Amino acid sequence: MARLTAQQRYLFDLRGFLILRNIIPSDELTAAKEAISANLHKFHERKGALRNSRLEAFQGDHVRGRLDCGTMLHWDKPHCEVFRRLLVIPQVIPVLNELCGKGYRLDHLPLTIIQYKDAEGFDLHGGNLDENGQWMQDLTYDCRFGRISCNLLNVAITLDKVEPGDGGFVIIPGSHKANFPLPPEIAECDKLDENKYLINPALNPGDVLIFTEAATHGAFPWRGNSDSRRTIFYRYCPPNFAYGRGYFDKNAELAQELTEQQSVVLQPPFVPRLNRLHLEDDGTVGTTVRSEMKIAYDKEVFDNDYF
């Protein structure tokens, strides 16, 4: 599989996101939709103080909240299986290797969201800086000497058709390089077509949207033709970086049921040179080997295989 083309790389560096079109097969989309329908009782609605929307443009009908579920990898078979397979998407592996580095790892536990008609969206969030203008290192996007690095990268799998203006995902292109905090008059946007800096990209079922969390993004209330907007999020970090804490208590027991390729992306954070497994661009498993002499010395010094 190929890494980013020169055009994709330029546009991702410029805008902070890219869309890989039609890469999830229809049978996988059907399996994911059927699994979600069979497990709707496991979704939780954001209500009250848990709502993601505070600003009017994102409130929707002021009643319905977004539905969330993050246990798909642990659902009963066969419903869990499609979400496990989506940990390793052939066309996405080389992109993650380029944007997060070989040995990249799943950070947050996966999340599936459902927005019903007029359900709330999500206020603009993320970004290179917080509201006080402080650098948000946890979300950092960087590009040095021709190499891109994303500390937190979102891979969003689209299950429902989205046209511009339908609502759902919105982003301020280029905001991953902002040097000033988001002004309130931009955060409080009221109409999409009046704010040319904010875009609501067209997406088709099977498209994969990849964006850096350093870009300011959010979601408008859902007003598309379908009854709901369903999206599956997988968020990834470089091999030696962590944002979330869920990988310890949720994924260790799961690894025994996964393929080797799937298990590789669930490793805890540590640098590749310490015998870290990784996925090559073609999906095969590789490793960076630390010499037996150094491992033996670490054992003598630290009474542990690794320092």
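Before going into details, it helps to say that this report is about the structure given with it. Because the structure is predicted, anything quoted here is derived from the model rather than measured.

**Points about the packing of aromatic side chains**
All told, the structure shown has seven aromatic pairs when counted by the stated rule. Seen from their ring centres, Phe12 and Tyr141 are 6.1 Å apart, and the 55° between their planes marks the pair as tilted. Of this pair, Phe12 sits in helix H1 (residues 6–15) while Tyr141 is found in strand E7 (residues 141–144), placing the two residues 129 residues apart along the sequence. Taking relative accessible area as the criterion, Tyr141 reaches 8% and is therefore assigned buried. Considering the side-chain rings of Trp75 and Phe83, the 5.3 Å spacing of their centres and the 85° angle between planes classify their relative orientation as edge-to-face. Trp75 gets classed as buried once you look at its relative accessible area, which sits at 3%. Overall, the relative accessible area of 0% leaves Phe83 in the buried class.

**What to know about a nonpolar patch on the surface**
On the surface, Tyr297, Val301, Phe302 and Phe307 cluster together into a nonpolar patch covering about 450 Å² of accessible area. On the secondary structure map, Phe302 appears in helix H8 (residues 292–302).

**Describing the sheet that holds strand E6 (residues 122–125)**
The antiparallel open sheet is built from three strands, whose spatial order is E6-E12-E10. Two strands close off the open sheet at either side, each with one partner strand: E6 and strand E10 (168–171). Mean inter-strand twist for the sheet, computed between neighbouring axes without regard to direction, equals 30°. Pairing analysis gives four bridges linking E10 to strand E12 (residues 217–220), with the strands arranged antiparallel. Bridge pairing in E12 places Gly168 opposite Phe220.

**With respect to helix H2 (residues 26–38)**
Between its terminal C-alpha atoms H2 stretches 18 Å, which fits the 18 Å expected from 13 residues at 1.5 Å a residue. Every buried residue of H2 is listed here: Glu28, Leu29, Ala32, Ala35 and Ile36. All buried residues of H2 project into a common sector of 130° when viewed along the axis, lining one side. Opposite the buried face of H2, at more than 90 degrees from it, the exposed residues are Ser26, Asp27 and Glu34.

Rules used throughout
Residues numbered from 1 in each chain as written. Predicted model: local features only at pLDDT ≥ 70, side-chain atom pairs only at ≥ 80, totals over all residues. Heavy atoms only, no water. Phe/Tyr/Trp six-rings, centres within 6.5 Å; stacked < 30°, edge-to-face > 60°. Helix = DSSP H or I, 4+ residues; strand = E, 2+ residues; numbered from the N terminus. Buried < 20%, exposed > 50% of the residue type's maximum accessible area, 1.4 Å probe, protein only. Patch = residues over 30% accessible without salt bridge, like charges linked within 9 Å, V, L, I, M, F, W, Y side chains within 5 Å. Areas by Shrake-Rupley, 256 points an atom, 1.4 Å probe, with all protein chains shown as cover. Salt bridge = Lys/Arg side-chain N within 4 Å of Asp/Glu carboxyl O. Pairing = 2+ DSSP bridges. Axes fitted to C-alpha atoms, helices over the stretch in contact; angles between N-to-C directions. Expected span 1.5 Å × (residues − 1). Arc of directions from axis to C-beta.

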